[in-house]
Amino acid sequence: MISLHDIARTLERVREKKPLVHNITNVVVTNFTANGLLALGASPVMAYAREEVADMARLAGALVLNIGTLNQPEVEAMIIAGKAANQQQVPVIFDPVGAGATSYRTETARRILQEVNVSLLRGNAAEIAHVIGENWTIKGVDAGESNGDIVALAKKAALHWKTHVVITGREDIITDGTAAYLIKNGHSILTKVTGTGCLLTSVIGAFASVEQTLLTAGAAALVSYGVAAELAAEKTEEKGPGSFQIEFLNQLAMVSSEDILRYGAVAVAM
Ligand code: ATP
Ligand code: TZP
Ligand code: MG
Ligand code: MG
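In the nomenclature of an unreviewed UniProt entry, the protein chain is known as Hydroxyethylthiazole kinase of Brevibacillus borstelensis AK1. Looking at the protein chain in UniProt, the text filed under Cofactor (unreviewed entry) is "Mg(2+)". For the protein chain, the Sequence similarities (unreviewed entry) comment in UniProt is given as "Belongs to the Thz kinase family."

Here you go:
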């Protein structure tokens, strides 16, 4: 079992080490992702040119690939960066945004998973289902409503692609295909701010760069992020998503070990 003490210690380590996170991400979330990583205490860099991505990935503590607004040169750059990261044992975190919405996205997500050794795959249930060839309702980049078994789906995807998988939604799952944890932190207002999934994927990158056990790194990222969101939602209760978005950055900077121990909600998933 992963303890809340382990999670709090991992958060502290992110703040001490200030890891460099190399993101090849989408145009919608670039600024929010950089600010979210900075608020948390990590150091973001966005670099996309195929001429430099291998060098940047080798320098980084983690590489985050995100196909939210994909185009062919960027996909090629992601594969170059991913292979360079693999050679240097830099963890690669992959967000297959919108897989299932178009066949180009689905095929590209599978190509990246085939050509790069992805350490952790993070998406909503629909995206994860589609990268293993299963059907799940999807609406653009958002997961549709469904009552499917997300623990079984996450484990199946982890075994299929031999990687760790995080599926997010009202509750989050992390698994290596065998062990699985359920994280119940977070707030529904996260669904009203674009990029909160993408930023989470980059935050997992920051945690993975300071903690080699990816189940611990991922769970620590999910709990820290979810608790920060709960604190921000409480502070902006009578306002709306705009105020929440700003306060969420504040809380990513302020969320403490004490908050994790008090509010963290992790259980073994059955
Ligand atoms: P989608 O496009 O389906 O919204 P996403 O990539 O934005 O997917 P989410 O599943 O929204 O990713 O996850 C982003 C963050 O929001 C996670 O921390 C998750 O726990 C949280 N979250 C999403 N939905 C809810 C909810 N209904 N209640 C609480 N937290 C939620
Ligand atoms: N369209 C393409 S990428 C993107 C949108 C709206 C951002 C998706 O961000 P998230 O984190 O999945 O909500
Ligand atoms: Mg969302
Ligand atoms: Mg997403």
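The structure having been displayed, the exposition proceeds.
Enquirer: I'd like a rundown of the packing of aromatic side chains, residues and numbers included.
Expert: A full pass over the atoms with the stated rule returns two aromatic pairs. Pairing tyrosine 225 with phenylalanine 248 gives two aromatic rings, centres 4.9 Å apart and planes at 90 degrees, and the pair type is edge-to-face. Here tyrosine 225, found in helix 9 (residues 214-235), pairs with phenylalanine 248, found in helix 10 (residues 241-254); they are 23 residues apart in sequence, far enough to count as distant. Each of the two residues, tyrosine 225 as well as phenylalanine 248, counts as buried. Measuring from ring centre to ring centre gives 5.5 Å for phenylalanine 244 and phenylalanine 248, while their planes differ by 10 degrees; the resulting arrangement is stacked. On the criterion of helical spacing, the pair formed by phenylalanine 244 and phenylalanine 248 is a turn pair, its members being four residues apart in helix 10. The residues phenylalanine 244 and phenylalanine 248 share a single accessibility class, namely buried.

Conventions we followed
Residues numbered from 1 in each chain as written. Chains lettered and ligands numbered in written order. Predicted model: local features only at pLDDT ≥ 70, side-chain atom pairs only at ≥ 80, totals over all residues. Heavy atoms only, no water. UniProt positions renumbered as here; feature names shortened; annotations may be inferred. Phe/Tyr/Trp six-rings, centres within 6.5 Å; stacked < 30°, edge-to-face > 60°. Helix = DSSP H or I, 4+ residues; strand = E, 2+ residues; numbered from the N terminus. Buried < 20%, exposed > 50% of the residue type's maximum accessible area, 1.4 Å probe, protein only.

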